[in-house]
Amino acid sequence: MTVSAGQTSASGASRTDRPVICEPDAIRQSLASGHVGIALLELERARAGTAAWASAHAAIRAATTGPADGGAHTGLFYGAPALAFLLGQAAQADDRYHTAAATLDTHLARITQHRLTDATARIRHGGTASFAEYDLLYGLTGLGALLLQRMPGSDLIPDLLRYLIELTRPQDLDGLRLPGWWVNHDPDPTLPTPGGHANLGMAHGAAGILALLASAHRRGHTVDGHLDAIRRLTRVFDRWRQDDAGTVDPWWPQWLTLDDLDTGHTHQPEPNQPSWCYGTPGIARALQLAAIATDEHSRRVDAEQILADCLTDASVARLTGPGLCHGLAGLFQTAYRAAADATTDTIAERLPNLAEAVTRAAAAADGHTGLLTGHTGIALAAETAAHGTPTTGWDTCLLIT
């Protein structure tokens, strides 16, 4: 496996020139939709004793044989960092993967350093962020989650935490007071937000930032202003929490637009389905982790009850698919991790029915093999349901643990 690192300028600053990676190689090193996720599933099954190790080794070879993209556009869900995540999990079970994992760790550090340099320069010179700069899938939040797992002693972690703390501070732009993680692009080409938006979800928004700050604090990684930043974000969620006169459980908008900020009211008429990526479960888990970090018992109980309410039959019925990102598998895995930290048994008591539903969904799954929206992710959640715990740390890529 050769890592293509792109190019740097004479001054040492990262350039945006992308190495030439053909489509099959791009798919191969995708955690979101390609071979990396499949290899994680085979590794999970091998470690649980439900599949042969030969299948896991073959899947890992399929994911790692060929050029690895180490360019500045890579992240936790694609390229060298995604392969580092896979090989890091594999190395916990088999020493043969240690050398390759360690080699990819050096590229992880290089990519993170370049991304931090670019991001701090952007903050210094003004302007807005982008998903690619900070989010979980391809930005610095995801790289931070991977650093905590693979390189907990890295000097990059404090710098990355300070960067995320800066994102929690409001910014003034063209006379407007905007959240620090505001982006000037649409959340999706089909969902225009003129002037940009502030995303609140786990995959691309404030919940992901909050979960990483809280998880880092829980693991003993703290910097100046750390708890203040966590509290700033929890106040944002307090402000935009929707309680509809008792007819609907508490929920949050997917994102905030300029009109929302101007009027003080969300344009979103009703809650999303209870999903990990944009819905209430991911946000509630982030708030639970935050309350653990700040030692606020009432906030912790509140977050846990909100998540428990997502597990009722009526709430689960609102899901439109079985997948990890938007569907049943993601709800189950998030609830499973939250139950382990919960102050009461309410979430745990509602898990068995959900586990049975995930198991049925995995047995019936067809279509594409992606981790986020395909049957690979459903099967991984079903492995948790079957064995009571993940045998690998595969779900750290979701920032729920």
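Residues numbered from 1 in each chain as written. Predicted model: local features only at pLDDT ≥ 70, side-chain atom pairs only at ≥ 80, totals over all residues. Heavy atoms only, no water.

Per an unreviewed UniProt entry, the protein chain carries the name Lanthionine synthetase C family protein and comes from Dactylosporangium cerinum.

## Let's talk about the overall build of the protein chain
This is how it is decided: Working definition: helices are DSSP H or I runs of at least four residues, strands are E runs of at least two. Numbering for both runs from the N terminus. The globule rule is 2.2 Å times the number of residues to the power 0.38, and the radius of gyration it is compared with is taken over C-alpha atoms. Partly exposed describes any residue whose relative accessible area lies between the buried limit of under 20% and the exposed limit of over 50%, with all areas from a 1.4 Å probe on protein chains only and scaled to the type maximum. When checking whether two residues touch, look at their non-hydrogen atoms; a contact exists if any pair is within 4.5 Å. We get accessible surface area from the Shrake-Rupley algorithm with a probe of 1.4 Å; when it comes to residues, only the shown protein chains can shield them. Working convention for charge: Lys and Arg count positive, Asp and Glu count negative, and His plus the chain ends are omitted. We put the charge of a Lys on NZ, of an Arg on CZ, of an Asp on CG and of a Glu on CD.
Looking only at helices and strands, one finds 17 helices and 6 strands in the protein chain. A compact globule built from 401 residues should have a C-alpha radius of gyration of about 21 Å, and the protein chain, at 20 Å, falls within 12% of that. Its C-alpha atoms put the protein chain at 55 × 55 × 40 Å along the principal axes. Among the 401 residues that make up the protein chain, the fraction classed as buried is 56%. Partitioning the intrachain contacts of the protein chain with sequence separation of at least 6 by distance along the chain shows that 67% fall at a separation of at least 24. Summed over its atoms, the accessible surface of the protein chain is roughly 16000 Å², and 51% of this surface lies on carbon and sulfur atoms. In the protein chain, which carries 29 positive and 42 negative side-chain charges, the distance between the mean positions of the two groups comes to 5 Å.

## Some points on helix α13 (residues 297-309)
Put simply, the test is: What a helix is expected to span follows from its residue count: subtract one and scale by 1.5 Å.
Look at α13: 18 Å from first C-alpha to last across 13 residues, which is about the 18 Å you get at 1.5 Å a residue. Residues Ala303, Glu304, Ile306, Leu307, Ala308 and Asp309 constitute the buried set of α13. Looking at the buried positions of α13, the neighbouring elements they touch are α12 (280-294), α14 (313-316), α15 (328-341) and α16 (346-364).

## Points about the packing of aromatic side chains
What characterises a pair of aromatic rings is the spacing of the ring centres plus the angle enclosed by the ring planes. Put simply, the test is: Stacked, tilted and edge-to-face are the three classes assigned to paired rings of Phe, Tyr and Trp, where Trp is represented by its six-membered ring and a pair needs centres within 6.5 Å; plane angles under 30 degrees give stacked, over 60 edge-to-face, the rest tilted. For a Lys NZ or an Arg CZ to count as sitting over a ring, it must be within 6 Å of the ring centre and within 35 degrees of the ring normal.
Applying the stated criterion to the full structure yields 4 aromatic pairs. When the centroid spacing of 5.8 Å and the interplanar angle of 80° are considered together, the rings of Trp255 and Tyr278 count as edge-to-face. Taken together, the positions of Trp255 in strand β6 (residues 255-256) and Tyr278 in the loop between α11 (258-263) and α12 put the pair 23 residues apart, joining distant regions of the chain. Considered together, Trp255 and Tyr278 belong to a single accessibility category, that of buried residues. Taking NZ or CZ as reference, Arg239 lies 4.3 Å from the ring centre of Trp240, over its face.

## Here's the deal with the packing of helix α4 (residues 80-91) against helix α5 (residues 98-125)
Put simply, the rule is: Note on geometry: axes are C-alpha line fits, over the in-contact stretch for helices, and angles between N-to-C directions span 0 to 180 degrees. In this scheme the crossing of two helices becomes right-handed for a clockwise turn of the near helix relative to the far one and left-handed for an anticlockwise turn of less than a right angle. Three classes are used: nonpolar for Ala, Val, Leu, Ile, Met, Phe, Trp, Tyr, Cys and Pro, charged for Asp, Glu, Lys and Arg, and polar for all others, with Gly counted as polar.
Taken N-terminus to C-terminus, the directions of α4 and α5 make an angle of 145°; their axes are 8 Å apart at the nearest point. Remark: the crossing between α4 and α5 carries left-handed chirality. Along the contact surface, α4 presents Ala80, Pro81, Leu83, Ala84, Leu87, Gly88 and Ala91, while α5 presents His98, Ala100, Ala101, Leu104, Asp105, Leu108 and Ile111. Looking at the contact of α4 with α5 residue by residue, the classes come out as 11 nonpolar, 2 polar and 1 charged.

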